[in-house]
2 protein chains.
Amino acid sequence: METVERLIRSTQELLWERGYVGTSPKAIQAAADAGQGSMYHHFSGKAALARAAIERSGTELRAAADEQLNTPGTATDRITRYLERDRDVLRGCQVGRLAADPEVIADPELRAPVDETLAWLRGRLAEVIAEGKDNGEFAATVDPQRLAATIAAVLQGGYVLARAAGSPEPFEQAVQGLLELVKA
Amino acid sequence: METVERLIRSTQELLWERGYVGTSPKAIQAAADAGQGSMYHHFSGKAALARAAIERSGTELRAAADEQLNTPGTATDRITRYLERDRDVLRGCQVGRLAADPEVIADPELRAPVDETLAWLRGRLAEVIAEGKDNGEFAATVDPQRLAATIAAVLQGGYVLARAAGSPEPFEQAVQGLLELVKA
DNA sequence: GTCTATATGCAGATAGAC
DNA sequence: GTCTATCTGCATATAGAC
C-alpha cells in the first residue's frame, strides 16, 4: 500500500481509538510505518492528516449505512436491519466518537466532516421513514426528522452505555427497546 | 474553598471538557490555583485525582436525575420532565463523555464510577417505568430495562449529535421523537 | 520522497527545602 | 502543606541533506 494511504488509514484507526487530542504524529508514523519527514512531506501537519482521515471515515459510514438502508422490504424492515447489523459495539462509532473531542469541535475544518456525515445519516433515515409513512406503515403523526434523530441517537448513545459498562448489553437493550416502540 | 476541593472541582471541569487523555496535571493546577507540590501532596497522581473527580460527577448526576424522577405525577410525566429539563446540551454529559476516553475505559479504577453511575441511571429509569406498568400506563409487553436503556441512550446520543452539529437541535428532535413513541 | 538533526515546551512525576 | 529544582521522554514541528 502507498504511504499516503497507510497514513490515512492509520490515522483513522488512531482517531477512532484515542480521538484527536490523544493521537500524536509520532504514533501515526509508527502505525503507518512512515518516517517523520515522509508524513510532513505529504501533509502539512496533524490537523490536515486528521481531516483527510475523518472524511474517509465519513465516506465509509455512509456506504455501510446504505448497505442496509438500500435493501428491499418495508421501511421498518430496513431500519431493523440497519439497527441490528453486526457491529463492534465496544469500539463505538468512528465518526460519532469525534464529537467528544474538544479540538475537533473547536476546529471548523475538523468538525465539518463529522457534522456532514451525521447529518447525512439523519437525513437518510428520515427519507426511509417518510417512505414508510407513504405506505401507511407509520402513523400520519410521525415526524420523520424527529424519529430519524431518535434512531441515530439510540445508536450513538448505545455505544456510550456499552463502553461504560464494558459490555455490548446496554446497546442491545437500547436498540430492542427502540424497536419495540417503533413496531408497537 | 479548600485546596482539595478546588482540585476536585477543577478536575471535574477539565475532564468534562477535554477528557482524561486531554487533561494534564499542569492544567489542573492552573485551574485550581494550586502548586505542583500541593497537588501531589493531596493525590498520588493524575489518576487518583481523576478517580475522585469522576466519583463526584457521578454523585451529582444521580442527584440531578432524582430531582425530576422523584416528583409527583405519572411515570410518563416524570420521565418527560427528566428528558425535557434544562440542559447545557452542547457541553454534553460529564459522565457519559468519559466513555469515549480510551484510558478511562482501560483502567478499571476509572471506568468503575462511570459504569456504576450510568447503570444506576438505567436502573432508576427502569423502576419508574415498572411503576408506570403497574398503573397501566404502559402496555404489559413493555420491558422496563430495555426502555430504560433506550431513554438513557437517546440522551447520550443526543449530545453526540448536537455537538457534531454545533447546535442543540438534533438533541431536541431525538428527545421529542422518543416522547412521541412513548406516548403513542 | 524519505532521512536525520535540532528545537521549544509540555507531560507526569520525584526530591528535598521551607 | 506548599514551593522550587530537576528529570526523562513525548508533542509537534522545521531545516536541510540524500
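Here the structure is a predicted model, which is why all the values come from computation and not from measurement. (Residues numbered from 1 in each chain as written. Chains lettered and ligands numbered in written order. Predicted model: local features only at pLDDT ≥ 70, side-chain atom pairs only at ≥ 80, totals over all residues. Heavy atoms only, no water.)

### Examining the protein's contact with DNA strand C
Next up, step 1: Lining the immediate surroundings of DNA strand C are 13 residues, of which Ser38 and His42 of chain A together with Ser24, Gln36 and Tyr40 of chain B lie closest.
Next up, step 2: Within the backbone of Gly35 of chain A, one N or O atom sits 3.3 Å away from a phosphate oxygen of DNA strand C.
Next up, step 3: Of all elements in the fold, only α3 (36–42) of chain A together with α2 (25–32) and α3 (36–42) of chain B reach the threshold of two or more residues within the surface near DNA strand C.
Next up, step 4: For the surface near DNA strand C, the element with the most residues is α3 of chain A, which contributes four residues. (Near = heavy atom within 4 Å. Polar contact = N/O pair within 3.5 Å; in protein donor to acceptor, adjacent residues only side chain to side chain. Helix = DSSP H or I, 4+ residues; strand = E, 2+ residues; numbered from the N terminus.)

### Thoughts on the packing of helix α8 (residues 144–165) of chain A against helix α9 (residues 169–183) of chain A
Two quantities define a packed helix pair, namely the angle between the helix axes and the distance between the axes.
All names here are of chain A.
Next up, step 1: One way to put it is that α8 packs onto α9 with a least axis distance of 7 Å and a crossing angle of 155 degrees. The angle between α8 and α9 places the two elements in the roughly antiparallel class. When α8 is examined against α9, the residues Leu147, Thr150, Ile151, Val154, Leu155, Gly158, Tyr159, Leu161, Ala162 and Ala165 are found in contact with a partner set consisting of Pro170, Phe171, Ala174, Val175, Leu178 and Val182. (Axes fitted to C-alpha atoms, helices over the stretch in contact; angles between N-to-C directions. Parallel < 35°, antiparallel > 145°, perpendicular 65-115°, else oblique. Contact = heavy atoms within 4.5 Å.)

### Side note on the interface of chain B and chain A
Next up, step 1: Counting residues at the interface gives 45 residues for chain B, matched by 45 residues for chain A.
Next up, step 2: Around 3,600 Å² of area is buried between chain B and chain A when both sides are counted, 63% of it from carbon and sulfur atoms.
Next up, step 3: Along the contact surface separating chain B from chain A lie four salt bridges.
Next up, step 4: Linking chain B with chain A are 16 residue pairs in polar contact (both at pLDDT 80 or more), by the criterion used here.
Next up, step 5: Residue assignment for the side of chain B that touches chain A shows that the elements contributing at least two residues are α1 (3–18), α6 (102–106), α7 (108–134), α8 (144–165) and α9 (169–183) of chain B.
Next up, step 6: Sort the elements by how many residues they give to the side of chain B that touches chain A and α8 of chain B lands first, with 16 residues.
Next up, step 7: Considered class by class, the residues forming the side of chain B that touches chain A number 21 nonpolar, twelve polar and twelve charged. (Buried area = accessible area lost by both parts, 1.4 Å probe. Salt bridge = Lys/Arg side-chain N within 4 Å of Asp/Glu carboxyl O. Nonpolar A, V, L, I, M, F, W, Y, C, P; charged D, E, K, R; others polar.)

### Some points on the UniProt feature "DNA-binding region" (unreviewed entry) in chain A
Next up, step 1: According to UniProt, the positions carrying the feature "DNA-binding region" (unreviewed entry) are residues 24–43 of chain A.
Next up, step 2: A helix fraction of 75% and a strand fraction of 0% characterise residues 24–43 of chain A, whose end C-alpha atoms lie 14 Å from each other. (UniProt positions renumbered as here; feature names shortened; annotations may be inferred.)

### A short note on helix α4 (residues 46–69) of chain B
All names here are of chain B.
Next up, step 1: Between its terminal C-alpha atoms α4 stretches 34 Å, which fits the 34 Å expected from 24 residues at 1.5 Å a residue.
Next up, step 2: When we look at burial in α4, the residues that qualify are Leu49, Ala50, Ala52, Ala53, Ile54, Ser57, Gly58, Leu61, Ala65, Gln68 and Leu69.
Next up, step 3: In this structure, the buried residues of α4 make contact with α1, α2, α3, α5 (75–84) and α7. (Expected span 1.5 Å × (residues − 1). Buried < 20%, exposed > 50% of the residue type's maximum accessible area, 1.4 Å probe, protein only.)

### Notes on the protein's contact with DNA strand D
Next up, step 1: Among the 13 residues in the neighbourhood of DNA strand D, the closest are listed as Pro25, Gln36 and Tyr40 of chain A together with Ser38 and His42 of chain B.
Next up, step 2: Near the protein, within 4 Å, the atoms of DNA strand D are sugar or phosphate in 64% of cases.
Next up, step 3: Residue Lys46 of chain A places a side-chain N or O atom 3.5 Å away from a phosphate oxygen belonging to DNA strand D.
Next up, step 4: Thr3 of chain B has a polar side-chain atom sitting 3.1 Å from a phosphate oxygen of DNA strand D.
Next up, step 5: With four residues, α3 of chain B is the largest single contributor of residues to the surface near DNA strand D.

### With respect to the UniProt feature "domain: HTH tetR-type" (unreviewed entry) in chain A
Next up, step 1: UniProt feature "domain: HTH tetR-type" (unreviewed entry): in the numbering of this structure it lies at residues 1–61 of chain A.
Next up, step 2: Annotation note: span residues 1–61 of chain A, helix share 77%, strand share 0%, distance between end C-alpha atoms 22 Å.

### Focus on the relation of the copies chain B and chain A
Next up, step 1: Expressed as a screw operation, the relation of chain B to chain A combines 0.0 Å of axial shift with a rotation of 180 degrees, fitting to an RMSD of 0.0 Å. As the rotation angle and translation indicate, the two copies are arranged about a two-fold axis. Closest to the rotation axis within chain B is the C-alpha of Gly157 of chain B, separated from it by 1.9 Å.
Next up, step 2: Interface overlap between copies: 100% of the residues of chain B at the interface are likewise at the interface in chain A, consistent with a symmetric, same-surface contact. (Least-squares fit on C-alpha atoms with pLDDT ≥ 70 in both.)

### So, the side chain of Glu5 of chain A
Residue and element names in this part refer to chain A.
Next up, step 1: Take Glu5: it is sitting in helix α1 (residues 3–18).
Next up, step 2: Under the relative-accessibility criterion, Glu5 is labelled buried at 18%.
Next up, step 3: A polar side-chain atom of Glu5 sits 2.9 Å from a polar atom in the side chain of Arg56.

### Here's the deal with the environment of Met39 of chain A
Residues and elements named next belong to chain A.
Next up, step 1: Mapped onto the elements of the fold, Met39 is located in helix α3.
Next up, step 2: Taking relative accessible area as the criterion, Met39 reaches 0% and is therefore assigned buried.
Next up, step 3: Separated by 70 residues in sequence, Met39 and Glu109 have C-alpha atoms that sit 20 Å apart.
Next up, step 4: Setting aside chain neighbours within four positions, we find Met39 in contact with Leu7, Pro25, Gln29, Gly45, Lys46 and Leu49.

### Describing the side chain of Thr150 of chain A
Next up, step 1: Mapped onto the secondary structure, Thr150 of chain A falls in helix α8.
Next up, step 2: Accessibility expressed as a relative area gives 0% for Thr150 of chain A, which makes it buried.
Next up, step 3: Apart from the residues within four sequence positions on either side, Thr150 of chain A is in contact with Leu178 of chain A together with Val154, Gln173, Ala174, Gly177 and Leu178 of chain B.

### Remarks on the packing of helix α7 (residues 108–134) of chain A against α8 of chain A
Residues and elements named next belong to chain A.
Next up, step 1: Two elements in contact, α7 and α8, have axes separated by 8 Å at closest approach and are oriented at 125 degrees. The pairing of α7 with α8 is recorded here as oblique in orientation. In the crossing of α7 with α8, the sense of the turn from one axis to the other is right-handed. On α8, the residues touching Leu118, Leu121, Arg122, Leu125, Ala126, Ile129, Ala130 and Lys133 of α7 are Pro144, Gln145, Leu147, Ala148, Ala149, Ile151, Ala152 and Gln156.
Next up, step 2: Classifying every residue of the contact of α7 with α8 by side-chain character gives twelve nonpolar, two polar and two charged. (Left-handed = near helix turned anticlockwise from the far one by under 90°.)

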